[in-house]
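For reference, the chains in residue letters:
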Amino acid sequence: MFIDFHSHILPGIDDGSRTIDESIEILDKMADDQVDIVIATPHFYPHEISAEKFLKKRDEAYERLKPYLKPRHPEILLGAEVLFSSSLIDNKYLSDLCIQGTEYLLLEMPYVRLTRSILDGVEELIDSSDLKFMIAHVERYLSFTDFEDIEKLMSFDVIGQLNAKSFEDRKKRKNCLKLLKKNFAHVIGTDFHRINRGDRPLSYGYDMVAKKMSDEAVDMLLNNAFKVIKNRDIDEIIG
């Protein structure tokens with residue numbers, strides 16, 4: 001079962017798909033790639049919009065898209081890509097931002113070095129919540145923060161999500177493989193935004209893992225994906 005954990009396929013809500021037609025074209029491509037489930041994770045920026053208003057906009061975007069969905073399309077589960085902010089602590093809508101049917105929340109880090117203050121804030125958020133956290137495109141932060149910072153982040157009993165496209169670039173691919181070997185990366189998503197942006201299909205990421213690591217590593221990722229959708233405990237994934 002192919003599950004895409006990160007996408008921006010809902011029309012007109014963020015910097016992803018602009019129109020229903022574009023959303024359908026993206027979903028057609030995902031169907032061709034044999035994706036069974038895709039999580040719609042539009043950006044939620046707590047400093048720009050309240051969670052209540054965001055959830056209303058997200059649900060409205062999905063309702064606009066629903067009449068045009070085809071039987072061959074992957075099942076869409078709603079979620080959000082939530083930018084970390086200390087304002088998230090004790091936010092009563094936090095569970096509504098999780099991947100539909102689960103307690104897993106896709107958390108995006110700020111695009112700055114992961115300072116002690118940021119890491120302490122993330123730890124406080126996790127400790128104050130009963131939710132489970134998935135770090136969005138964890139490989140991307142290695143462009144501007146030290147690996148030791150990532151080690152500290154992942155020590156908070158979170159799981160990491162990789163972007164399929166990151167396997168295309170040699171340096172980013174090296175980082176992805178290192179994160180996998182360190183057990184800091186556990187699932188893959190496309191982070192698909194636009195038709196002409198150059199985003200890679202989900203299968204590309206899995207094929208690169210098979211080529212550069214092993215079929216066993218692919219099986220592990222597929223099993224992890226199933227466990228997340230079934231809302232299994234993080235300990236079952238990180239070991």
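(A) Broad picture of unusual backbone geometry. In the Ramachandran plot, Asp90 falls in the positive-phi region, its phi being about 70° despite a non-glycine side chain. Counting through the fold element by element, Asp90 comes out in the loop between strand 5 (81–83) and strand 6 (104–108). Judged by its relative accessible area of 67%, Asp90 falls in the exposed class. Positive phi values are uncommon outside glycine, yet Asn183 reaches one of about 65°. Within the secondary structure, Asn183 is located in the loop between helix 5 (170–181) and strand 9 (187–189).

(B) Representation of a positive patch on the surface. Among the surface-exposed residues, Arg170, Lys174, Lys178, Lys182, Lys211 and Lys212 lie close enough to one another that they form a single positively charged patch. Listing elements by their share of the positive patch, those giving two or more residues are helix 5 and helix 6 (202–212). Top contributing element to the positive patch by residue count: helix 5, with three residues. Within the element layout of this structure, Lys212 appears in helix 6. When its relative accessible area of 40% is taken as the criterion, Lys212 is described as partly exposed.

(C) Highlighting the side chain of His8. In this structure, His8 sits in the loop between strand 1 (2–4) and helix 1 (20–32). Side chain to side chain, His8 and Glu81 meet in a polar contact 3.1 Å long. Ignoring anything within four residues of it in the chain, the contact list for His8 reads Asp14, Asp15, Gly16, Ser17, Thr41, Pro42, His43, Glu81, Asp191, Phe192 and His193.

(D) Inspection of helix 6 at higher detail. Regarding helix 6, the residues found buried are Leu202, Ser203, Tyr204, Gly205, Tyr206, Met208 and Val209. Here the buried face of helix 6 lies against strand 1, strand 2 (35–40), helix 5, strand 9 and helix 7 (215–229).

(E) Inspection of the pattern of salt bridges at higher detail. Enumeration over the complete set of coordinates arrives at 17 salt bridges. For Asp59, the salt bridge is made with Arg58, and the minimal N-O distance between the two is 3.1 Å. Judged by its relative accessible area of 6%, Arg58 falls in the buried class. One network of salt bridges, with partners in common, ties together Asp28, Asp32, Lys70 and Arg72.

(F) How the structure looks around the packing of aromatic side chains. Per the stated rule, a full pass over the model turns up six aromatic pairs. Geometrically, the ring pair formed by Phe2 and Tyr206 is stacked, given 5.0 Å between the ring centres and 5° between the ring planes. With a gap of 204 residues between them, Phe2 in strand 1 and Tyr206 in helix 6 connect regions that are remote in the sequence. Over the aromatic face of Tyr204 sits the side chain of Arg200, whose NZ or CZ is 4.1 Å from the ring centroid.

(G) Quick peek at helix 3 (residues 116–127). Over its twelve residues, helix 3 runs 16 Å from end to end, which matches the ideal 16 Å to within 8%, given 1.5 Å per residue. Turning to helix 3, its buried residues number three or more, namely Ile118, Leu119, Gly121, Val122, Leu125 and Ile126. In an axial view of helix 3, the angular spread of the buried residues amounts to 160°, which keeps them on one side of the axis. Exposed side chains of helix 3 directed beyond 90 degrees from the buried face belong to Ser117 and Asp127.

Thresholds applied
Residues numbered from 1 in each chain as written. Predicted model: local features only at pLDDT ≥ 70, side-chain atom pairs only at ≥ 80, totals over all residues. Heavy atoms only, no water. Helix = DSSP H or I, 4+ residues; strand = E, 2+ residues; numbered from the N terminus. Buried < 20%, exposed > 50% of the residue type's maximum accessible area, 1.4 Å probe, protein only. Patch = residues over 30% accessible without salt bridge, like charges linked within 9 Å, V, L, I, M, F, W, Y side chains within 5 Å. Areas by Shrake-Rupley, 256 points an atom, 1.4 Å probe, with all protein chains shown as cover. Salt bridge = Lys/Arg side-chain N within 4 Å of Asp/Glu carboxyl O. Lys, Arg positive; Asp, Glu negative; His and termini not counted. Charge placed at Lys NZ, Arg CZ, Asp CG, Glu CD. Polar contact = N/O pair within 3.5 Å; in protein donor to acceptor, adjacent residues only side chain to side chain. Contact = heavy atoms within 4.5 Å. Phe/Tyr/Trp six-rings, centres within 6.5 Å; stacked < 30°, edge-to-face > 60°. Lys NZ or Arg CZ within 6 Å of the ring centre and 35° of its normal. Expected span 1.5 Å × (residues − 1). Arc of directions from axis to C-beta.

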